[in-house]
Amino acid sequence: MAADRLAPAQASRVTVEVNGTTYEREVESRRLLIHLLRDDLDLTGSHVGCDTGNCGACSVILDGTLVKSCMLLAVQVDGSSIETVEGLAEGELSPLQQAFSDHHALQCGYCTPGMLMSATALLRENPTPSDDEIANAIQGNICRCTGYWNIVKAVKAASGQEVGE
Amino acid sequence: MSETTVSPERTVVEEPTREQWSGQNVPRKEDKRLVQGEGVFFDDVKRHNMGYVHFVRSPYAHAKIRSVDVSAALDFPGVYGTLTGDEVATLTDPFFQISSPPGAHLKDYCLAVGKVRFVGEPVAAVVAETREGARDAAELIEVDYEPLPAINDARRALDDDAPVLHDDAGTNLTWEGVFDWGDVDGAFAEADRVVKISELHFNRFNSTPLECNGALVEYNRGTGQWTLITNNQFPGFAAIMMGPAMRVGLDKLRFVTQDIGGGFGNKITSHPQLVACCLLARKLNRAVQWTEWRTDFHTSMSHGNERWFVDTEVAVKNDGTMLGFRTTALDDAGAWLRYEPLGGIIWAQVTPGMYRWRNIQLDFKQVVTNKAPVSPNRGYSRMQHLWFTERVIDIVASELELDPVEVRKRNYIKADEMPYETPNGCIYDSGDYAKMLDVALDLIGYEELDSRRADAEKRGKLLGLGIGSTLDSGTNNFGQSRLINADLQFSGNNEVATVKLDLFGEIVVTLGTTPQGQSHETTAAQVVADILGCSLDDVNVRAGHDSYWNSHAGFSGTYASQFAVTGLGAVKGATEELAGQMRKLAAVVLGATPDDIELAEGQARLKGNPEAALPFMALGAIINANNAGLPEDLDVTLNCRYVYRPPFEVPDVERKYGNLTLTYAAQVHAAVVEIDPETGVYEIVDYAAVDDCGKRINPQIVEGQVMGATAQALGAATHETFPYDEEGNLLTPNFYDYHVPHALDMPPLKTGYIESESPFTSLGTKGMGEGGGAGIHAVCAALQDALRSNGKPIVYDSFNPYERVWEMLREPEASRERVTVEST
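Residues numbered from 1 in each chain as written. Chains lettered and ligands numbered in written order. Predicted model: local features only at pLDDT ≥ 70, side-chain atom pairs only at ≥ 80, totals over all residues.

Here's the deal with the overall build of chain A
Piece 1. When you go through chain A residue by residue, the secondary structure sums to five helices and five strands.
Piece 2. Counting from the amino terminus, helix and strand elements in chain A follow one another as β-β-α-β-β-β-α-α-α-α.
Piece 3. Over its C-alpha atoms, taken along the principal directions, chain A stretches across nearly 60 × 30 × 25 Å.
Piece 4. The proportion of buried residues among the 165 residues of chain A is 55%.
Piece 5. Intrachain contacts of chain A at a sequence separation of at least 6 include 57% that bridge at least 24 residues. (Helix = DSSP H or I, 4+ residues; strand = E, 2+ residues; numbered from the N terminus. Buried ≥ 20, exposed ≤ 12 C-beta atoms within 10 Å, placed from the backbone. Contact = placed C-beta atoms within 7 Å.)

Notes on the overall build of chain B
Piece 1. Scanning chain B from N- to C-terminus turns up 20 helices and 30 strands.
Piece 2. Computed over C-alpha atoms, the radius of gyration of chain B comes to 28 Å, within 12% of the 28 Å expected from 2.2 N^0.38 for 824 residues, which places it in the range of a compact globule.
Piece 3. Overall, the C-alpha framework of chain B stretches about 85 × 70 × 50 Å when taken along its three principal axes.
Piece 4. Counting the 824 residues in chain B, one finds 61% classified as buried.
Piece 5. In chain B, once contacts between residues fewer than 6 apart in sequence are set aside, the share between residues at least 24 apart is 80%. (Rg over C-alpha atoms; globule rule 2.2 N^0.38 Å.)

Points about helix α6 (residues 235-246) of chain B
Residue and element names in this part refer to chain B.
Piece 1. Taking 1.5 Å per residue as the helical rise, α6 with its twelve residues ought to reach 16 Å, and the 15 Å between its terminal C-alpha atoms agrees with that figure.
Piece 2. Here α6 has its buried residues at P235, G236, A238, A239, M241, M242, A245 and M246.
Piece 3. Tucked inside the fold, the buried residues of α6 contact β11 (253-257), α7 (271-284) and β22 (545-546).
Piece 4. Positive phi appears at R247, one or two residues downstream of α6, with a value of about 65°. (Expected span 1.5 Å × (residues − 1).)

Observations concerning the domain arrangement of chain A
All names here are of chain A.
Piece 1. Split into domains, chain A comes out as domain 1 (3-87) and domain 2 (95-158).
Piece 2. Between the C-alpha centres of domain 1 and domain 2 the distance comes to 23 Å.
Piece 3. The interface is formed by 14 residues belonging to domain 1 together with twelve residues belonging to domain 2.
Piece 4. When residues of the side of domain 1 that touches domain 2 are assigned to their parent elements, the largest contribution, three residues, is made by strand β3 (residues 59-62). (Domains from an automatic or database assignment.)

With respect to the interface of chain A and chain B
Piece 1. Taken together, the contact between chain A and chain B spans 50 residues of the former and 56 residues of the latter.
Piece 2. Elements with a contribution of two residues or more to the side of chain A that touches chain B: α2 (95-102), α3 (112-125), α4 (131-137) and α5 (149-158) of chain A.
Piece 3. Here the side of chain A that touches chain B is composed, by residue class, of 21 nonpolar, 19 polar and ten charged. (Nonpolar A, V, L, I, M, F, W, Y, C, P; charged D, E, K, R; others polar.)

Things to note about the domain arrangement of chain B
Residues and elements named next belong to chain B.
Piece 1. According to the domain assignment, chain B consists of domain 1 (31-39 + 494-644), domain 2 (42-148 + 212-260 + 268-300) and domain 3 (181-206 + 302-478 + 651-823).
Piece 2. A straight line from the C-alpha centre of domain 2 to that of domain 3 covers 37 Å.
Piece 3. The interface of domain 2 with domain 3 comprises 20 residues on the first partner and 23 residues on the second.
Piece 4. Of the residues contributing to the side of domain 2 that touches domain 3, the split by class is six nonpolar, ten polar and four charged.

Concerning the sheet that holds strand β25 (residues 609-615) of chain B
All names here are of chain B.
Piece 1. Spatial ordering of the open sheet is given by β23-β24-β25, a layout of three strands whose pairing is antiparallel. Looking along the sheet, the strands with just one partner apiece sit at the ends: β23 (597-600) and β25. Each adjacent strand pair in this sheet contributes to an overall mean axis angle of 35°, direction not counted.
Piece 2. Inspection of the sheet shows strand β24 (residues 603-606) paired to β25 by four bridges, in the antiparallel sense. By the bridge assignment, R605 is partnered in β25 with A613.
Piece 3. Packing of helix α16 (residues 616-625) onto the sheet brings it into contact with β24 and β25, and relative to β25 it is tilted by some 45°. (Pairing = 2+ DSSP bridges. Axes fitted to C-alpha atoms, helices over the stretch in contact; angles between N-to-C directions.)

Quick notes on α16(B)
Residues and elements named next belong to chain B.
Piece 1. By the burial criterion, the buried members of α16 are F616, L619, G620, I622 and I623. Looking down the long axis of α16, one finds its buried residues gathered within 165° of arc, a one-sided arrangement.
Piece 2. At its buried positions, α16 is contacted by β19 (495-501), α15 (563-590), β24 and β25. (Arc of directions from axis to C-beta.)

A closer look at the packing of α15(B) against α16(B)
When two helices pack together, you describe them by how their axes are tilted relative to each other and by the distance separating the axes.
Residues and elements named next belong to chain B.
Piece 1. The N-to-C vectors of α15 and α16 enclose an angle of 85°; their axes lie 11 Å apart at closest approach. For the element pair α15 / α16, the angle class is roughly perpendicular. Each of M582, L585, A586 and V589 in α15 lies in contact with α16, whose residues at this interface are L619, I622 and I623. (Parallel < 35°, antiparallel > 145°, perpendicular 65-115°, else oblique.)

What about the pairing of strand β9 (residues 214-220) of chain B?
All names here are of chain B.
Piece 1. The buried fraction of β9 is high, at six of seven residues.
Piece 2. Pairing analysis gives four bridges linking β9 to strand β12 (residues 288-291), with the strands arranged antiparallel. The partner of L216 across the bridge, within β12, is Q289.
Piece 3. Relative to strand β10 (residues 225-230), β9 runs antiparallel, the two being bridged by six bridges. Paired with A215 across the strands is T230, a residue of β10.
Piece 4. Where β9 folds back on β10, the antiparallel hairpin that results is connected by four residues, among which G224 adopts a positive phi of roughly 70°.

A word on the packing of helix α14 (residues 520-532) of chain B against α15(B)
Residue and element names in this part refer to chain B.
Piece 1. Close contact between α14 and α15 brings their axes to 9 Å; oriented N to C, the two are set at 35°. Seen from above, α14 lies across α15 with right-handed handedness. Of α15, the residues touching α14 (which contributes H520, T523, A524, V527, V528, I531 and L532) are F563, G567, L568, V571, K572, T575, E576 and A579.
Piece 2. Broken down by class, the residue content of the contact of α14 with α15 amounts to nine nonpolar, four polar and two charged. (Left-handed = near helix turned anticlockwise from the far one by under 90°.)

What about the sheet that holds β10(B)?
Residue and element names in this part refer to chain B.
Piece 1. Pairing is mixed in the open sheet, where eight strands are placed in the order β3-β5-β1-β12-β9-β10-β11-β22. Strands with a single pairing partner mark the edges of an open sheet, and in this sheet they are β3 (79-84) and β22.
Piece 2. As paired elements, β10 and β11 share four bridges and run parallel to each other. Looking across to β11, one finds that L228 is bridged to F255.
Piece 3. Against the sheet, α6 makes contact with β11 and β22, and its axis sits at roughly 150° relative to β11, the strand it touches most.

A closer look at the nonpolar core
Piece 1. One finds B:L111, B:V126, B:C277 and B:V528 to be the most contacted residues of the largest nonpolar core, which totals 308 residues.
Piece 2. Excluding residues that lie within four positions of it along the chain, B:C277 makes contacts with B:V53, B:A215, B:V217, B:V288 and B:W290. (Core = buried A, V, L, I, M, F, W, Y, C linked by C-beta atoms within 7 Å.)

Quick look at the environment of B:V316
Residues and elements named next belong to chain B.
Piece 1. By secondary structure assignment, the location of V316 is in strand β13 (residues 306-316).
Piece 2. For the pair V316 and Y687, spaced 371 residues apart in sequence, the C-alpha separation works out to 30 Å.
Piece 3. If near-sequence neighbours (up to four positions away) are discounted, V316 is found in contact with A191, D192, R193, V195, T321, M322, L323 and V396.

Overview of unusual backbone geometry
Piece 1. With omega at 5°, the peptide bond leading from B:P101 into B:P102 counts as cis.
Piece 2. Structurally, B:P102 can be placed in the loop between α3 (85-91) and β4 (115-116).
Piece 3. Here the residue pair B:M418 and B:P419 is connected by a cis peptide bond, since its omega of -10° sits within 30 degrees of zero.
Piece 4. Along the chain, B:P419 turns up in the loop between α11 (404-411) and β16 (420-421).
Piece 5. The residue A:N19 is not glycine, and still its phi comes out positive at about 50°.
Piece 6. Examined against the element boundaries, A:N19 turns out to sit in the loop between β1 (11-18) and β2 (21-28).
Piece 7. One non-glycine residue, B:S381, adopts positive backbone phi at about 65°.

Quick look at the structure:
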């Protein structure tokens, strides 16, 4: 909505760093973080799959913590630093992204950005997770295409551990 | 969570080792953009000053609409406009109905006109400057309803006092067909035993793709054409529905899509909402964007067909030889026939399942109820019927004290009987079901089953093994629609691809399909690279679908397990034409005949003299930019379009007889479950999925489809359900209540395969991807096996949450009331 129509109580100025770039935007107070990312910043890699915080397609890392960006208001992240899927590759695919491709851990690709952010957060905390630890870490991310088996395998491979054939 | 895979090696090929790209696990072309968040899904596309659409939906399951008042919404800041049922009834005609009467008489519009028939049905739409503003404004639209009694149990829909949904039809029985093949009376006369099962129920659920439906729709006033950037997965069908309703030719509807976030059949029937968006884009002269909310998807879109099998009788010999069956299938279509009653014939593609039943009688009744309309859902209509045939096998085996493995092997159609003609004229192309069963049993350690059962018993658990065998029939003969409605003029099937060699030697492929994760760009490139003798990187397959590309036909889309046959068949045809033209051109330039030219290593060269070679770039440049002096009669464009058309005949309407699908991929799954008898909670402790889809172009992609279909089946077997309360409210309208499998829910999985190439397809492939129903059948069978020692209950529902298992543990005799065995 055009900012000039909003009363001060309805709008706020938000400054946020996303993948190293600082953005300043006037947003409606009720605007969700996912819509700030997708609609205002045109970072459409993070997706919306459920509206209720269940599916994890909108997962991003906020000041080092994995969050679901549909469960936060944009105004809550003022002054924060956010990592999204768009920031994972540096010139070439990250080992995790490459492992997702190598092990066919994605089909339609809709859940993949959220899945990658959950796995990124896991691997920072636990560089050599077990299968169960991986499954636990992506428990908040729904995938309807793969059945998760190849996702678990990809995360494990990205951690440098042996995976079965 | 652990996994063993016995599928083939999964080496990722870096360089061409030559031979063939087909058959190898090459990296997916789609992945690079998707893992970087650079896919383009419909909701990622924006237009200047676009408006956001929000639908006002019915809170009643059944009610008359007395009035709709949009004035307060129109006064709301930021609102661009509205659309109501009254406008729709003026601006459009009802959607074409597939059904013969009485279903043919339904008057279905894109918004409710005069009456609502399910909770969540769109009644009005509002467009505003923001998503949030549109939703706020929708709250201000006042609809005055007069509630009516509702019906939400198909078994009561034909009662005398049942409310009738559609006065135009005059009955809730919108379609009925009686199917009778072979000599059913003779089969029962010959039988040693007749097993009677009073009622079996296949549950209502769907595959809930993670991305909901939606579109960005623009209207071009100058040309009168709409552009729909949408995730509809069957644009050919959507166009056929939308054009006549909107009173425009199909060329006025341009469908565009790049990436789609899962479909599973659930995105075939979004045409009503797309029409509403088109009307709004024209009315407001503005691009409009509609993104369906998750709750709207659950309450209003694409439920899978719920089906009862009533008064089933099975004729069987004492040794378990199946002679025939009779049943009545009662199918709940929900409130509208958006793709129905095609489900009333699709099941007949797999009439006898995998078995040599020759005598079959089935009365198919489809009724409408005050619930969300059904539409195809992965395994569409075959899954329901195959669940039934598998239940019959296991119930009969159990009642006759026979081993279900032996009963299957005794009755499976045998490998040396292929191609096999079913009692209704379908041709199973190839397969070896008994061998698949052996592979599956081997994978789950069948030999040690008794000791595992004893071990489980020691731990206080009940262990059971179940088999699920299914067919994934693919490449529809749309002539089967005539068995629903003899007046329809559809038959056969088609798909299109174009392949061209461009100015700088780029090979550019366009597909008519709308993939939603099925890796079409990758497998198409494998086929093209094999024929042209080049690398995969040389092949550019355009992502997505655009009806401006001229690479589509009437049945284009991605549905019904057909890409490996129709899509790749078109790719192969177009590429072979291009290869022929490249050889012809090279022959002219090199002063040879086309037969002297071979395509290899990105060159057209003289056989036996690799020095005399033209790189593809030279060929592309000659035709596209340097063609003076070429022979006048040189018929070469280097831009080839091919329409693949499978070899079908029109089925015999009177006998309901004919070949309804071209290929029959097969799946045999085996599940081992352990039940806690104190609570009914069960766990799948071992699971094997064996697939046969003929020649596999990319084994890793095939296995991915097998895994995904399996996961969906396991969800449907235990957790996923769309139940309604008495007022017609859906009780699972979001992912809080509708529990899809999460990572921790997945059992250990072993996959295996055999390859029975199809004799009927140009690549030996079969369409695949929908075989997951096997998981539902296998879990049902495993539960019944595990519960056997506990009063021998029969599993009568496809959906078995823990509480139902607990009920069967507590009162096994209740389920046993459904089955009787008579000796003849």
